[in-house]
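# Chains, contacts and geometry: an overview
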Amino acid sequence: MISFAPTEDQQLIIDNIRRFVRERVQRASREADEGRGYSAGLLSEGWQLGLLGIWTPEAMGGLGEPHSAIGAALFAEELAYGDLALALHLLTPALFALPVLEFGTSAQQERWLSSLESEKLPMLTAALNENGWNFDPANLATTATRDGDGYVLNGAKVRVPIAAEAEAMLVYAAEDGKTQAFIVEKGAEGLQIGEREQLMGIRALPTYELTLAECRIPASAKLGEAGGVELDKLLNFSRVTVGGLAVGVARAALEHAVTYAKERQAFGKAIAQYQSIAFFLAEMQMEIDAARLLVWEAAWNVDKGSPATRECALGVHYADETAMLVADRTVQIYGGHGYIRDNGVEQLLRDARSFATLTGSAML
Amino acid sequence: MIDFEIPQPLQKQLSILENVALQVMRPQSRYYDEHEHERPWDYIKMMWEGGNNAGYRGRSGSGGGDPLQVGKTEAGEGPKMRNVILMHTVEMLSYGDCGLYLSTAGGALGGAAIEAAGTPEQRERFLTRFRSGEPKWGAMCMTEPQAGSDTANIRTTAKLSEDGKEWILNGEKIFVTGGLMAVQDSPGLLVVWATVAAGTGRAGMKAFVVEANTPGCKVARLEKKHGIRASDTAAINFTDCRIPFDNILGSPEVANAEAKDSKGFAGAMKTFDATRPLVAASAIGVGRAALDYTKEYLTKQGVTMRYDAPYAQLTLVERDVMRMEAQLRAAWLLTLRAAWQMDNGISNTMEASMCKVKAGEAVTWVTQKAVEILGNEGYSCKLLVEKWMRDGKINDLYEGTGQINRLIVARRLLGYTRKELQ
């Protein structure tokens, strides 16, 4: 039966996140972008919203609800409405935990999911992205080769969040041409973490390049062992989450744009009272709503278990473009003031462009 | 819970309508495009008798099950789905042929206005006709040569007769969709917007029902159009056209208040909250026709869409088709939301305008793109694609242009009055 209303439980969580980001995140976001980071305290607070715990099995301290892509899209939007870098930082453990939850053997789940009970943000992450304009998650340059009773990983990864501090990460690599995930623990032989990356946006999120040079791991480190992972399924989770994030960034931009356009006077009235600006704003609202509904529908398909790659791909691209459009127009509405970092909207434009590289690297 | 599941009975109804669209409507499309002022009587009668218009325009289906029963459970009333069902129906018929769909007998916009703003007595008196007998049409007379989006500038007048028993209408209306069928080709009716106090703008604006064959009401001409040629677009003159006092739409207070307030006007403007999503649905039907054709064509040429391919590997045509799909789907979901809100008593003025903007823009772009992708064949009248491009454009124009609907969205978004944002 058709409905556009989140469940009461979902709404409760959305309200919680909104309170957190409004009270704690939004005013910290400018400085975090300049100083390149959020405090450990704020990250712990964010972690304690307990988003990932909803889907963690009860035996491991969670609520044991079935993983919901719609929930993921809803919560991601709300987090990114606060700040994209913070959202990505808080979602980083999910990059590790959700694939383990979905495809891990019981031994892997027991070992790793219990660390989610921590009061601090668990230091777990994943390495998927590789440099190159033709990066394709289904056709990775990083390889995993079976060797005796283990695997040898070789390759280079980029955009790996919190890699320097991570206790463990999921490294995606091609095994006989098929993408699989491997758990690589801190200090593994052949794992070299590079310098922190300097990026255009999402600067509060520490990300790293890393190299795997003859990195040896035991056979039991392959996620799901014999079963492996289904990349499509993982990517679709990721796509709807990224879609939600993009909608959140766009929403934040529109809120700034509306407030500014109603305050800023030109030729004797607020610039929002001119159709050129008002139409911009109307279209921004329309595209945000459109993107959100496309993402919801894609997520709904994922949750139903129907083939959803088409919906997810269309939804995430639409949301990505919407974030760019809305952030760009927000800067445009601010005029020269939009170009000044202190005013906070150029950051959204820099952040929004990250979706070009994030598709396939966020998950909730 | 967020849910996009279409109920089984509606799915069943849609597959029947899809047959009508493809087997009955499509084969006639070109003929009625080329014979502009002929009426598609075969189609009209088939739909009227079969009840296949699925309740659109006030006549609920009698053949193929009553789709308005969708959602009812054995335990009693189910969720209300009237507008959701209508938009699905309209989309599918427009997928067949938008011009023919507009010719479907029923109350149309006139009926919708009476439904929204009429008293129970008026609904009974005016709408019953659309449920039995011969095919009949309703139509709405709003636009005038000097007043389109600026509805407050309407000059058609309604004056009370000396004995106070009649209204006397004088003025000229244009762009009346189905006007000929409503007043000349059937015992239908018009809903006519007129001012009871010239110069007072919206405050004096009221709606009046003029029944077919009322003396003083005359079709002056039929327009020759870019598209939707199967549907007549009439110019109608009112010359001392007398109608009963009770034909003023709404409660008698509406008439008594005269120029004092614009409640009558605002009330009837609410009609648009229900009709804009239906226009949006119609737009999407046309767009889907063009998109489906393009995809089938490409498939035959050996082009398969790769939705999971990375950016670097996609061809330009694939990117275009993906964009076309996304635009139409986005418009559809916005429309679905507006209809769902209507069904659930949630105020939807902003969302109704929003879906109309999006759908009007999407169908325009998607159909233009389809002609472009299909190249020489797309431009040829051997295919229907060029026709869909012409048909589709109307949706960005009527029931409020894209611009006026943007203005409505902007006012709601900014919390501005009409005066603050003009």
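Quick note: structure is the one above.
Now for a description of the structure that goes with this document.

The rules we used
- Residues numbered from 1 in each chain as written.
- Chains lettered and ligands numbered in written order.
- Predicted model: local features only at pLDDT ≥ 70, side-chain atom pairs only at ≥ 80, totals over all residues.
- Helix = DSSP H or I, 4+ residues; strand = E, 2+ residues; numbered from the N terminus.
- Buried ≥ 20, exposed ≤ 12 C-beta atoms within 10 Å, placed from the backbone.
- Contact = placed C-beta atoms within 7 Å.
- Rg over C-alpha atoms; globule rule 2.2 N^0.38 Å.
- Nonpolar A, V, L, I, M, F, W, Y, C, P; charged D, E, K, R; others polar.
- Expected span 1.5 Å × (residues − 1).
- Bend = angle between axes of the 7 residues up to and from the residue.
- Axes fitted to C-alpha atoms, helices over the stretch in contact; angles between N-to-C directions.
- Parallel < 35°, antiparallel > 145°, perpendicular 65-115°, else oblique.
- Core = buried A, V, L, I, M, F, W, Y, C linked by C-beta atoms within 7 Å.

## Concerning the overall build of chain B
What chain B contains, in helices and strands, is 13 helices and seven strands. For chain B, with 422 residues in total, the buried portion stands at 52%. Long-range contacts, defined here as pairs at least 24 residues apart, represent 74% of the contacts in chain B between residues at least 6 apart.

## Notes on the overall build of chain A
A count of helical and extended segments in chain A gives 10 helices and nine strands. For chain A, the C-alpha radius of gyration of 21 Å lies close to 21 Å, the compact-globule estimate for 364 residues. Its C-alpha atoms put chain A at 80 × 50 × 40 Å along the principal axes. Per-residue burial for chain A yields a buried fraction of 55% across its 364 residues.

## Structural notes on the interface of chain B and chain A
Contact residues are listed per partner, giving 33 residues for chain B and 36 residues for chain A. Among the secondary structure elements, those contributing two or more residues to the side of chain B that touches chain A are α10 (316-343), α11 (349-379) and α13 (402-414) of chain B. For the side of chain B that touches chain A, the leading source of residues is α10 of chain B, giving 10 residues. Its residues assigned to classes, the side of chain B that touches chain A shows 24 nonpolar, no polar and nine charged.

## A short note on unusual backbone geometry
The phi angle of most residues is negative, glycine excepted, and most peptide bonds adopt the trans form. Residue and element names in this part refer to chain A. Positive phi is not limited to glycine here, since R159 has a value of about 60°. Within the secondary structure, R159 sits in strand β3 (residues 150-161). Even without being glycine, E225 reaches a positive phi, approximately 45°. Within the secondary structure layout, E225 lies in the loop between β7 (207-218) and α6 (231-263).

## Some details on helix α4 (residues 84-103) of chain A
Residues and elements named next belong to chain A. Here α4 contains 20 residues, and its C-alpha end-to-end distance of 27 Å stays within 8% of the 28 Å for a straight helix at 1.5 Å per residue. Its axis deflected by about 35° at L91, α4 carries its strongest bend there, up to four residues before the proline P93. Burial analysis of α4 places 19 of its 20 residues in the buried class, which makes it a mostly covered element.

## Re the packing of helix α7 (residues 275-304) of chain A against α10 of chain B
Axis separation between α7 of chain A and α10 of chain B bottoms out at 9 Å; the angle between their running directions is 95°. Regarding the angle of α7 of chain A to α10 of chain B, the classification is roughly perpendicular. For the pair α7 of chain A and α10 of chain B, contact is made by D289, A290, L293, L294 and E297 of chain A and by A326, R329, A330, L333, L334 and R337 of chain B, respectively. Class assignment of the residues belonging to the contact of α7 of chain A with α10 of chain B gives a composition of seven nonpolar, no polar and four charged.

## Describing the nonpolar core
Side chains of nonpolar character tend, in soluble globular proteins, to be buried together. F182, V249 and L281 of chain A together with F208 of chain B are the most contacted members of the largest nonpolar core, which totals 255 residues. Ranked by residues supplied to this core, first place goes to α7 of chain A with 18 residues. If we ignore the near neighbours within four places in the chain, the residues touching L281 of chain A are A257, V258, A261 and A272 of chain A together with A410, L413 and L414 of chain B.

Purely geometric numbers; function is a separate question.
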